[in-house]
Protein chains: 2
Amino acid sequence: MSNTETATNIDVVMQQAFDAFNQYKKLSPDKRAAFLETMADEIEKLRDQLVPVANEETNLPAARLNGEISRTTGQLKMFATLIKEGSWVEASIDTADAGRTPPRPGIRKMLVPVGPVIVFGASNFPFAFSTAGGDTASALASGSSVVIKAHPAHPKTSALVFTAMQTAIINSGVPQYTVQHVTDTSNEAGKALVTHPYTKGVGFTGSFAGGKALVEYASQREIPIPVFAEMSSINPVVFYPDTLSKNAEALATQYAASITLGAGQFCTNPGLLLGIKSDGFDHFLQALGKEITKVQPQKMLHSGICSSYKKALSQMQQQQGLEVIAQSSAAANDMEAGAILATVTGNDFLGNAHFLEEVFGPYSLAVICDDKDQLMQCLQKLKGQLTSSVMATEKDIEEYADVIDLQHTLAGRILLNNAPTGVEVCASMVHGGPYPATTDARFTSVGTTAIKRWVRPICLQNFNDNMLPDALKNNNPLGILRLVNNVYTREAVNE
Amino acid sequence: MSNTETATNIDVVMQQAFDAFNQYKKLSPDKRAAFLETMADEIEKLRDQLVPVANEETNLPAARLNGEISRTTGQLKMFATLIKEGSWVEASIDTADAGRTPPRPGIRKMLVPVGPVIVFGASNFPFAFSTAGGDTASALASGSSVVIKAHPAHPKTSALVFTAMQTAIINSGVPQYTVQHVTDTSNEAGKALVTHPYTKGVGFTGSFAGGKALVEYASQREIPIPVFAEMSSINPVVFYPDTLSKNAEALATQYAASITLGAGQFCTNPGLLLGIKSDGFDHFLQALGKEITKVQPQKMLHSGICSSYKKALSQMQQQQGLEVIAQSSAAANDMEAGAILATVTGNDFLGNAHFLEEVFGPYSLAVICDDKDQLMQCLQKLKGQLTSSVMATEKDIEEYADVIDLQHTLAGRILLNNAPTGVEVCASMVHGGPYPATTDARFTSVGTTAIKRWVRPICLQNFNDNMLPDALKNNNPLGILRLVNNVYTREAVNE
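What counts and what doesn't
Residues numbered from 1 in each chain as written. Chains lettered and ligands numbered in written order. Predicted model: local features only at pLDDT ≥ 70, side-chain atom pairs only at ≥ 80, totals over all residues. Helix = DSSP H or I, 4+ residues; strand = E, 2+ residues; numbered from the N terminus. Rg over C-alpha atoms; globule rule 2.2 N^0.38 Å. Buried ≥ 20, exposed ≤ 12 C-beta atoms within 10 Å, placed from the backbone. Contact = placed C-beta atoms within 7 Å. Nonpolar A, V, L, I, M, F, W, Y, C, P; charged D, E, K, R; others polar. Pairing = 2+ DSSP bridges. Arc of directions from axis to C-beta. Axes fitted to C-alpha atoms, helices over the stretch in contact; angles between N-to-C directions. Parallel < 35°, antiparallel > 145°, perpendicular 65-115°, else oblique. Left-handed = near helix turned anticlockwise from the far one by under 90°. Core = buried A, V, L, I, M, F, W, Y, C linked by C-beta atoms within 7 Å. Expected span 1.5 Å × (residues − 1). Least-squares fit on C-alpha atoms with pLDDT ≥ 70 in both.

Glancing now at the overall build of chain A. Along chain A, the regular secondary structure elements total 15 helices and 19 strands. In terms of overall size, chain A behaves like a compact globule, its C-alpha atoms giving a radius of gyration of 25 Å where 495 residues would be expected to give roughly 23 Å. When the backbone C-alpha atoms are referred to their principal axes, chain A occupies close to 75 × 60 × 40 Å. Going through the 495 residues of chain A one by one, you find that 58% of them count as buried. In chain A, the proportion of contacts linking residues at least 24 apart, taken out of those at least 6 apart, comes to 76%.

What follows concerns the interface of chain B and chain A. With 44 residues of chain B at the interface, the matching set in chain A holds 44 residues. Taken together, the residues of the side of chain B that touches chain A break down into 24 nonpolar, 12 polar and eight charged. Looking at chain direction, strand β17 (residues 455-461) of chain A and strand β16 (residues 411-416) of chain B are connected through three bridges and run parallel. Bridging from a neighbouring strand, L460 of chain A pairs with I414 of chain B of β16 of chain B.

Residues and elements named next belong to chain A. Looking only at helix α15 (residues 401-410), the buried set comprises V403, I404, Q407 and L410. Seen end-on, α15 carries its buried residues on one side only, within an arc spanning 100 degrees. Relative to its buried face, α15 has exposed residues pointing more than 90 degrees away, namely A401, D402 and D405. The inward-facing, buried residues of α15 contact β8 (236-239), α13 (372-381), β15 (385-391), α14 (394-399) and β16 (411-416).

The next thing to look at is the pairing of strand β2 (residues 107-113) of chain A. Residue and element names in this part refer to chain A. Along β2, seven of the seven residues are buried, which leaves the element largely enclosed by surrounding structure. Residues I107, K109, L111 and P113 line one face of β2 and the alternating positions R108, M110 and V112 line the opposite face, and both faces are buried. Looking at chain direction, β2 and β17 are connected through seven bridges and run antiparallel. When the sheet's bridge partners are listed, M110 is paired in β17 with I458.

Another point: the packing of helix α2 (residues 29-45) of chain B against helix α6 (residues 155-172) of chain B. Residue and element names in this part refer to chain B. Remark: α2 packs on α6, axes separated minimally by 8 Å, with the N-to-C direction vectors making an angle of 140 degrees. Here α6 runs oblique to α2, going by the angle between their axes. Handedness of the crossing formed by α2 with α6: right-handed. Listed contacts from α6 to A34, F35, T38, M39, E42 and I43 of α2 are V161, A164, M165, T167, A168, N171 and S172. Of the residues assigned to the contact of α2 with α6, the class counts are eight nonpolar, four polar and one charged.

Right, let's talk about the nonpolar core for a bit. Nonpolar side chains tend toward joint burial in soluble globular proteins. Within the largest apolar cluster, 334 residues are counted, with the highest numbers of intra-cluster contacts made by L36 of chain A together with L36 of chain B. Those residues in contact with L36 of chain A that sit more than four places away from it in its chain are L76, F79, A80, A137, L140 and A141 of chain A.

If you check helix α4 (residues 62-85) of chain A, its first and last C-alpha atoms are 34 Å apart, about what 24 residues at 1.5 Å a residue would give, namely 34 Å. In the stretch just after α4 of chain A, G86 of chain A is the one whose phi turns positive, near 95 degrees.

Here we come to the relation of the copies chain B and chain A. For these two chain copies, the linking operation is a rotation about an axis paired with a shift along it. Superposition record for chain B on chain A: RMSD 0.0 Å, screw rotation 180 degrees, translation along axis 0.0 Å. What we have between these two chains is a two-fold relation. Residues of chain B ranked by C-alpha distance from the rotation axis are headed by S219 of chain B, positioned 4.6 Å from it. The fraction of interface residues of chain B whose copies in chain A are also interface residues reaches 100%, indicating that both copies meet through the same surface.

Residue and element names in this part refer to chain B. Across the sheet, which stays open at both edges, the five strands sit in the order β5-β4-β3-β6-β7 with parallel pairing between neighbours. Of all strands in the sheet, those bounded by a partner on one side alone are β5 (179-182) and β7 (227-230). Neighbour to neighbour, the strand axes of the sheet diverge by 15 degrees on average, direction disregarded. As defined by bridge partners, strand β4 (residues 146-149) adjoins β5 across four bridges and the pair is classed as parallel. Its bridge partner being in β5, K149 is matched across the sheet by V182.

Next up, the structure:
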């Protein structure tokens, strides 16, 4: 397909998305919620077809894919529940005061959807971060229309999910082009979508290079738009001395599982393990190494990811001071990745920025620091992360309070004695973090507040009650929580 | 001062800002609130000195300056009240569920300050948008430290306000460098502040060129940071036919005052008046013109702004189709600006993008449209705005619902039968809007939610209660409103 043809098609798609948005945004929250619920039901109906298709395209096992489908339909229903409840719009009311000098006008505020959103499917989550995944669900819940750019690694899965979405569109009576599916896999199509004047936001989960390219397209626009890209994270875990002296074996078992889960193809895969040189850390690394040798090589998502993994690994192994201390003992077949554990001294780590790079796959690097000061220095060198894990006893927590403080500044999610893989879908989740983990640490791509990426506040001054949207009317017909003259309440406003 | 010297000084300033931040952020909300209140009191004590100094530097009259000082101290106190109440941190708690498969960890979220913030003083508000203005107040309230870049047009005013802030720092016992004042007026100093690795956010109110430069500096950083720049807005007002036929004289009086308030040097100055060709619109424009001729020329803020106004005006007058229909009849002295009202047909307006540009000063352009369709087309051409005003009767509102819908998409604040000048400082205010009105329509620079510009959410997973910040502890010691397992409550959590 030539550039021109792409641009023309994208123009048609975006005009449809814009027109659909202008109708869709006016639907009641209940109507939008019913649409999301219908979509969840229609996807559920296709479960038995979706699993084998996705397995063929991604090599992910059926149990994992089934779990991911449940997560996807659960997310759709979660957003339906959120918008039916309705308080998420942050309604705020300051009533008029005619007696003040000068008179104070009535001012009311709420969040409104920004308009068409582009969602780029992710390769490592063919359901939960792709076609009908969290970006799409949150954007549709907000009242925005969505254009999905299918991920080229699982086109059949994406197309099949989209048929369920189309059925939901028809059965729910929402505008036909509320959701569209672009199968053109060219970079030109992606660029045309991001740079189109009607586009108002972009969701992306993938590589740093991919995310950065989208940000650059967006910044070239006459009117810049936000790009929410989740890009790269090595998810540092600090193992503190007291817990190492007591729990080395248990920690090794826990982390061997976390490092190698899904062939290490999780954004939250713990790629960097830090500790202070000690018998406890040695013991932990030996035990972890023993677990790693037992790990069976696993098929990666696609050949591109597998060859990237092998290339990144080989580059990493050439770095001064890196020592591989354990790897899967079974040979890796074509497209398979074996697990690998390497070590480096704090000194060598501090001298080489290459160690900060992500190796997407079942690889982890343990940094053996001389002392607490060097551990602090190593942490200070790190880039922004999705997660930062603290493995510590009460004694460690007292003794290393300043190091743990520093760990809080690195990421969007801080874990105490948990492994970072496994991202709960809930209101309190922050799946996001300082750059380059994501492009915008103020937002999350998982959990109910992911909806906040697709809205902006508007305030209405001096409007008559009958002209106000339901969320702002005096009698509070939606029964939502509102801030009224600086007090949170669900009561009606007496004006 | 050479570039090198600037960079060195800025390094010192930013190291101090970073160190102060790491202490200041740990202070209790009550302690931070007391600091803001003390600052308000100290500024109040200097009121009688501040007014003449600011009058000399800005030509703004004493009454206006007194009002602005009250607004400034009021903002400081408003943020103190906000953080004492405490619910603004959006605390969210999802409790653990050990019985689930797999067990659900406890996850808790809240907003935390991002770190040192740079505030650029604004020329048109020497108090409320400058040294101790809304950007500074909201950043300090959030727990961030602040570096103020004094505006070169009112350095004495800025320095004097800063002495009050220094007294407050000492009397409140907050870290010495919680607020710093950079008087170096060079562009290099501004660039060095925005690009410094410790800087985490920027607040700016000024010209489009100035804001754009800061955004470019920020985008050149290895780690991009948000720049909240309020830049340019012509604040369209649509006068609908029925209200024009009934209220032409009253509307003319109201708008003559709004257009010329403070020599038109408000971000919300109504620079564009749109209506459909009719006797009513003619009548309104005649009456408005009559008021405009009576307006006394006023001294502008400084000679640079005055010469920019005259230059922009002269360029505008050269545009095809522009007709000046009224101007101040009294002659303008040096540094003074006379008011001016011009008209253009909808046709000429649609054909020339120059009419979309802001002329900062007491100038307004009336666009006389042939019909409703042309009015829609004119509105569709507009860039993003701070405000969008609807002057309409009930009949107009019914008849022009689609035009009013379009008006909602243009700006952060939509007004019904109000003039846009005058920005209430309250929770429901949105002083912000789509680009280029501001760089980020998702935030406001006025009102309590301005604090949201300087924070990010973090979530804490599997933390023991005694390790959690007060906002997230089970017994809710701050008594704040929290989202607990998806229910808003001030109750303690039973876990």
